[in-house]
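# Chains, contacts and geometry: an overview
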Amino acid sequence: MSQTETETETETVPDVATPTWEYDPAPEARELAHIRSSYGLFIDGEFVDPAGDGSFATIDPSTERHLAEVALAGGEDVDRAVAAARKAFGPWSAASGRDRGRYLFRLARLLAERAREFAVLESIDNGKPIRETRDIDVPTAAAHLFYHAGWADKLDWAGLGPQPRPLGVAGQVIPWNFPLLMLIWKIAPALACGNTVVIKPAETTPLSAMLFAELCQQAELPPGVVNIVTGAGETGAAIVSHGDVDKVAFTGSTAVGKAIQRELAGSGKRLTLELGGKAANVVFDDAPIDQAVEGIVDGIFFNQGHVCCAGSRLLVQENVHDLVVDKLKRRLETLRLGDPLDKNTDIGAINSAEQLERITSLVDIGEAEGGERWSPACELPSSGFWFAPTVFTGVGASSRIAVEEIFGPVLSVLTFRTPEEAVAKANNTPYGLSAGVWTEKGSRMFWMADRLEAGVVWANTFNRLDPTSPFGGYKESGFGREGGRHGLAAYLAAPALEG
Ligand code: NAD
């Protein structure tokens, strides 16, 4: 046994009471978000009424307050949006890469200029803390636009084959957990490569997409290059199955992703799927434990655990289990849950009643299966959708909370003794999106990364996303990459990509 192992085994958390800090409220100004009472569809550069008279409400999940009525797009509206995208495709794809890059730079700069407005709107519509929208979602979205603006005139040198061509009209469907960021992840590479798009935001979070539509007008983006239609699953299905869509990019649940893959088989349409995950966050006994605890918290409680790559399974080496769990619990007692617009808030609201119901039922199952449930003392607001950060210890490897994606602030803790056992347990999932490893040994880090079946493996960190780095999954987490040079391949046709 190494000296480090001996030391960590005997280390205990000193029995010092965690100071309880009182924070005065520090709310961001709600008025920064100008929410209209109703929204139409964004087709051919204009806000238009849908063909039918259907609409749906979007609410603030932290209060259940009604925010706006949003147009429900039907098949006729999707036809119109695809026709606008088709008409725009010719001139847009013929434009020089430098010109397309200029538009993307303009969108990036406008987004950065209006960052506060976007951050407030996103927090109100989604329930996520302003700290996250302000410091992560909006700046990362702008960074993706800047990054792809830089690629637009360099595609011939991207190593993807000679003179790669755009695919045509991209039909894109996104989820609610990072509404703006997912929108930009889809739009930026598509436009940089010369495609036009019809995109549908999730039904519970359409507002930042509609604000982005305003940005497209402000940037004088040619009409039809970006079309945004709102609605639920049926609207998404109409985009996916549309005969004049050349490429489908879907981010969402594995169940819907599988149905789309079945439907498109043999259609000749290009497809990328970014689906669910159940990431292992593996902590070895030589890891810097305090740093690892921060990574565990960030891994699963960031964005209320509504993160496809969330580190929802903590695999901790048996001899440091008690130490890690003690430190983790202490850290969780300091997290503040509440008003998403308060700058002190760490944990915001659950995005919808439906998602809250799913989390609650899986947590009940976890308890029934013998897991030991713990949450810090934490008062939940009386209205809105809330769930306290939750840790399960004593979780069996085949327990449903160790296997299924909960998509909420719930961590399942499992143990291992050897690196081989860690790999076997980490890979014991139908998913393969991400993983984290905490160790001071570089050689062990590489050994683990070689064996973990995950699209991304973070080393002594977690949930780091960067536009230059490709992101995507294996197995039931989907296929295709977003971001980086690899992400361009999803929007280009070239001999090297078709072989
Ligand atoms: P979901 O599959 O229910 O919905 C996602 C989107 O698909 C929504 O816009 C929805 O309206 C639309 N949709 C629903 N049924 C459809 C159909 N039959 N055809 C076409 N579109 C349809 O998923 P969700 O609950 O909104 O999102 C959570 C899921 O998304 C989680 O599983 C999460 O892991 C995954 N996700 C993955 C990534 C990634 O990059 N891998 C990123 C974010 C979220």
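Just so you know, these numbers come straight off a predicted model, no measurement behind them. (Residues numbered from 1 in each chain as written. Predicted model: local features only at pLDDT ≥ 70, side-chain atom pairs only at ≥ 80, totals over all residues.)

### Quick word on the domain arrangement of the protein chain
Test applied: Domain start and stop points were drawn from an automatic or database domain assignment. Working definition of a contact: two residues with C-beta atoms, positioned from the backbone, lying within 7 Å. Numbering of helices and strands runs from the N terminus, with a helix taken as a DSSP run of H or I at least four residues long and a strand as a DSSP run of E at least two residues long.
As assigned here, the protein chain comprises domain 1 (30-275 + 475-498) and domain 2 (277-459). A C-alpha centroid distance of 30 Å is found between domain 1 and domain 2. With 20 residues of domain 1 at the contact, the number on the domain 2 side is 25 residues. Of all elements in the fold, only helix 4 (115-126) and helix 5 (130-151) reach the threshold of two or more residues within the side of domain 1 that touches domain 2.

### Observations concerning the site of the ligand
How we decide: In this entry, near means the residue's backbone-placed C-beta atom lies within 6 Å of the molecule or strand. Note on residue categories: nonpolar means Ala, Val, Leu, Ile, Met, Phe, Trp, Tyr, Cys or Pro, charged means Asp, Glu, Lys or Arg, and polar means any other residue, Gly included.
Residues in contact with the ligand amount to 30 residues; listed here are only the nearest, Pro175, Gly233, Gly236, Gly252 and Cys308. Secondary structure elements with two or more residues in the shell around the ligand: helix 8 (233-240) and helix 9 (254-264). The element contributing the most residues to the shell around the ligand is helix 8, with 4 residues. Considered class by class, the residues forming the shell around the ligand number 15 nonpolar, 11 polar and 4 charged. Residue contributions to the shell around the ligand reach at least three from each of two domains, namely domain 1 (30-275 + 475-498) and domain 2 (277-459).

### A closer look at the nonpolar core
Rule in force here: The nonpolar core criterion groups buried Ala, Val, Leu, Ile, Met, Phe, Trp, Tyr and Cys residues into a set whenever they are joined through C-beta atoms within 7 Å. Residues with at least 20 other C-beta atoms within 10 Å of their own are called buried, those with 12 or fewer are called exposed, and the rest are partly exposed. The C-beta atoms themselves are positioned from the backbone.
Of all hydrophobic cores here, the largest spans 92 residues; its most connected members are Leu104, Leu145 and Val198. The greatest single-element share of this core, amounting to 11 residues, is contributed by helix 6 (residues 179-192). When residues no more than four places from it in sequence are discounted, the contact partners of Leu104 are Leu145, His148, Ala149, Ala152, Ala188, Leu191 and Ala192. By size, the runner-up hydrophobic cluster in this structure holds 63 residues, among which are Ile300, Ala349, Ile401 and Leu452.

### Focus on the sheet that holds strand 1 (residues 38-39)
Convention followed: Two strands are counted as paired when DSSP detects at least two bridges linking them.
Spatial ordering of the open sheet is given by 1-5-4, a layout of 3 strands whose pairing is mixed. Unpaired on one side and paired on the other, strand 1 and strand 4 (55-60) mark the two borders of the sheet. Strand direction decides the pairing type here: strand 4 and strand 5 (residues 65-71), joined by 6 bridges, are antiparallel. Counted as the bridge partner of Ala57 is Glu69 from strand 5.

### Notes on the packing of helix 3 (residues 97-113) against helix 5
Quick reminder of the rule: For helices, the axis comes from a line fit to the C-alpha atoms of the stretch in contact; other axes are also lines fit to C-alpha atoms, and the angle between any two N-to-C directions lies between 0 and 180 degrees. Relative orientations are named as follows: roughly parallel for angles under 35 degrees, roughly antiparallel for angles over 145 degrees, roughly perpendicular for angles from 65 to 115 degrees, and oblique for any other angle. Note on convention: the crossing is left-handed when the near helix lies turned anticlockwise from the far helix by less than a right angle, right-handed when the turn is clockwise.
Viewed as axis vectors pointing N to C, helix 3 and helix 5 meet at an angle of 160°, and their least axial separation amounts to 8 Å. Considered as vectors, helix 3 and helix 5 are oriented roughly antiparallel to each other. Every pair of crossing elements has a handedness; the one defined by helix 3 and helix 5 is left-handed. Where helix 3 approaches helix 5, its residues Gly101, Leu104, Phe105, Leu107, Ala108, Leu111 and Ala112 are matched on the opposing element by Ala141, Ala142, Leu145, Phe146, His148, Ala149 and Gly150.

### Here's the deal with the environment of Val403
Within the secondary structure layout, Val403 lies in helix 13 (residues 400-403). On the basis of neighbour counts, which here come to 17 C-beta atoms within 10 Å, the residue Val403 falls in the partly exposed class. Beyond its immediate stretch of four places on either side in the chain, Val403 contacts Lys278, Ser398 and Thr429.

### Structural notes on the pairing of strand 10 (residues 247-251)
Inclusion rule: Look down the strands so they point away from you; if going from the first strand over the helix to the second traces a clockwise path, that crossover is right-handed.
Summarising burial for strand 10: 5 of the 5 residues are buried, a large majority. The alternating pattern of strand 10 places Lys247, Ala249 and Thr251 on one face and Val248 and Phe250 on the opposite face, and all of these are buried. Bridging between strand 10 and strand 11 (residues 270-274) involves 5 bridges; their strand directions are parallel. Directly across from Ala249, in strand 11, lies its bridge partner Thr272. A crossover connection joins strand 10 to the parallel strand 11 through helix 9; in handedness this β-α-β unit is right-handed.

### Comments concerning the confidence of the model for the protein chain
Selection criterion: A residue's pLDDT is the predictor's confidence in that residue, given on a scale from 0 to 100.
For the protein chain, per-residue confidence averages 95 on the pLDDT scale, and residues scoring 70 or more make up 95% of the total. Averaged pLDDT values for the elements of the protein chain fall to 44 in helix 1 (residues 3-10) and rise to 99 in strand 9 (residues 226-228). A low-confidence stretch, residues 1-9 (pLDDT under 50), is modelled with 10 contacts involving residues beyond four sequence positions or located in other chains.

### Re helix 10 (residues 289-301)
Residues spaced three or four apart along an α-helix point in a common direction, a consequence of the helix completing one turn every 3.6 residues. Selection criterion: Every helix has an expected span of 1.5 Å times one less than the residues it contains.
Compared with an ideal rise of 1.5 Å per residue, which puts 13 residues at 18 Å, helix 10 spans 18 Å between its outermost C-alpha atoms and is within 8% of the ideal. Buried residues along helix 10 sit against strand 12 (280-283), strand 13 (313-317), helix 11 (321-332), strand 16 (410-416) and strand 17 (434-438).

### Some details on the sheet that holds strand 16
If you walk across this open sheet you meet the 7 strands as 14-15-16-13-12-17-18, and the pairing is mixed. Here the strands that pair on one side only, and so sit at the sheet edges, are strand 14 (372-374) and strand 18 (456-459). Neighbour-to-neighbour, the strand axes of this sheet turn through a mean angle of 20°, independent of strand direction. With 4 bridges connecting them, strand 12 and strand 13 associate as parallel partners. Counterpart to Val283 in the pairing with strand 13 is Val316. The sheet contacts of helix 14 (residues 419-426) involve strand 12, strand 13, strand 16 and strand 17, and relative to strand 16 the element is tilted by about 145°.

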